[in-house]
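Geometric and topological summary
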Amino acid sequence: YGLNPQILREPALLKPDEGSFYHEALDRFTRLCAPGGFDLTDQEAAERMSQVVAPLCQALERRAFARTALGKAQIRRMAQTAVRAAVEMTWHIRRSAFRPLASEISFGMGGPYPAIELDAGGVQLVLQGRIDRVDVAQVAGQDYLRIVDYKTGRNQLSFARVETGTQLQLLT
């Protein structure tokens, strides 16, 4: 018997939570803009993303980490980053023939599309996952697809991890 004191940890926003916030914000922004198109001014893109992130920020504000000044600052920074991402995304779309077709698309894992099966020298590989966004462009009657992979972290690409199969990354 006895006391078992433990150090209390400050509530914190975890990196996966931050990544999920950005993915959800960009997915909602894409769906919001899709019916009318993406030829938005920077101001229009910023306003629409601000509408999108407001409820996401409210949800984060109910979490324990948001009671601290640091937590409040993190939420403000994430909202500002999402707005900048929307402005950049629409800037690129205005200058390209590509337009977003779909976002957050699951393949395999019980998603609407089957896993991708490959034969790699007698070894059967099954790829499954989620595609952040697929864009389409029509050029001379041909459809071209572009796969967009959002990045929030600063992880360095490790060819050793790619080779062992513990890191999979789209390379262009």
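Residues numbered from 1 in each chain as written. Predicted model: local features only at pLDDT ≥ 70, side-chain atom pairs only at ≥ 80, totals over all residues. Heavy atoms only, no water.

**So, the packing of aromatic side chains**
- Applying the stated criterion across every chain yields a total of one aromatic pair.
- Geometrically, the ring pair formed by F21 and Y22 is edge-to-face, given 5.6 Å between the ring centres and 80° between the ring planes.
- Here Y22 falls in the buried class, since its relative accessible area comes to 10%. (Phe/Tyr/Trp six-rings, centres within 6.5 Å; stacked < 30°, edge-to-face > 60°. Buried < 20%, exposed > 50% of the residue type's maximum accessible area, 1.4 Å probe, protein only.)

**A closer look at the side chain of S106**
- Inspection of the secondary structure assignment puts S106 in strand 1 (residues 99-107).
- Aside from chain neighbours lying at most four places away, what touches S106 is G111, P112, Y113, G129 and R130. (Helix = DSSP H or I, 4+ residues; strand = E, 2+ residues; numbered from the N terminus. Contact = heavy atoms within 4.5 Å.)

**Some details on the side chain of T30**
- With respect to the helices and strands, T30 occurs in helix 1 (residues 15-33).
- At 2.8 Å, the side chain of T30 and the backbone oxygen of L26 are in polar contact.
- Every residue in contact with T30, bar those within four places of it in the chain, is listed here: F38, M89, P100, S103, R133 and Y150. (Polar contact = N/O pair within 3.5 Å; in protein donor to acceptor, adjacent residues only side chain to side chain.)

**Some remarks on the nonpolar core**
- One finds F21, A25, F29, M49, V53, L60 and A82 to be the most contacted residues of the largest nonpolar core, which totals 30 residues.
- Elements that contribute at least two residues to this core include exactly helix 1, helix 2 (42-61) and helix 3 (69-94).
- Sort the elements by how many residues they give to this core and helix 3 lands first, with nine residues.
- If near-sequence neighbours (up to four positions away) are discounted, L60 is found in contact with L13, F21, F65, A66, I75 and M78. (Core = buried A, V, L, I, M, F, W, Y, C linked by side-chain atoms within 4.5 Å.)

**Details of the sheet that holds strand 4 (residues 129-139)**
- Strand order in this open sheet of three strands is 1-4-5, and the pairing throughout is antiparallel. Bordering the open sheet on either side are strand 1 and strand 5 (142-148), each of which pairs with just one other strand. Averaged over all pairs of adjacent strands, the angle between strand axes in this sheet comes to 30°, irrespective of strand direction.
- One ladder, built from seven bridges, connects strand 1 with strand 4; its direction is antiparallel. When the sheet's bridge partners are listed, P100 is paired in strand 4 with D135.
- Running at roughly 135° to strand 1, helix 1 makes contact with strand 1 and strand 4 of the sheet. (Pairing = 2+ DSSP bridges. Axes fitted to C-alpha atoms, helices over the stretch in contact; angles between N-to-C directions.)

**Side note on the pattern of salt bridges**
- A complete count under the given rule lists 11 salt bridges for this structure.
- The salt bridge partner of D135 is R133, with a shortest N-O separation of 2.7 Å.
- D135 sits in the buried class, given a relative accessible area of 0%.
- Residue R133 is classed as buried on the basis of its relative accessible area of 6%.
- Across the salt bridge formed by K151 and D149, the nearest N and O atoms sit 3.1 Å from each other. (Salt bridge = Lys/Arg side-chain N within 4 Å of Asp/Glu carboxyl O.)

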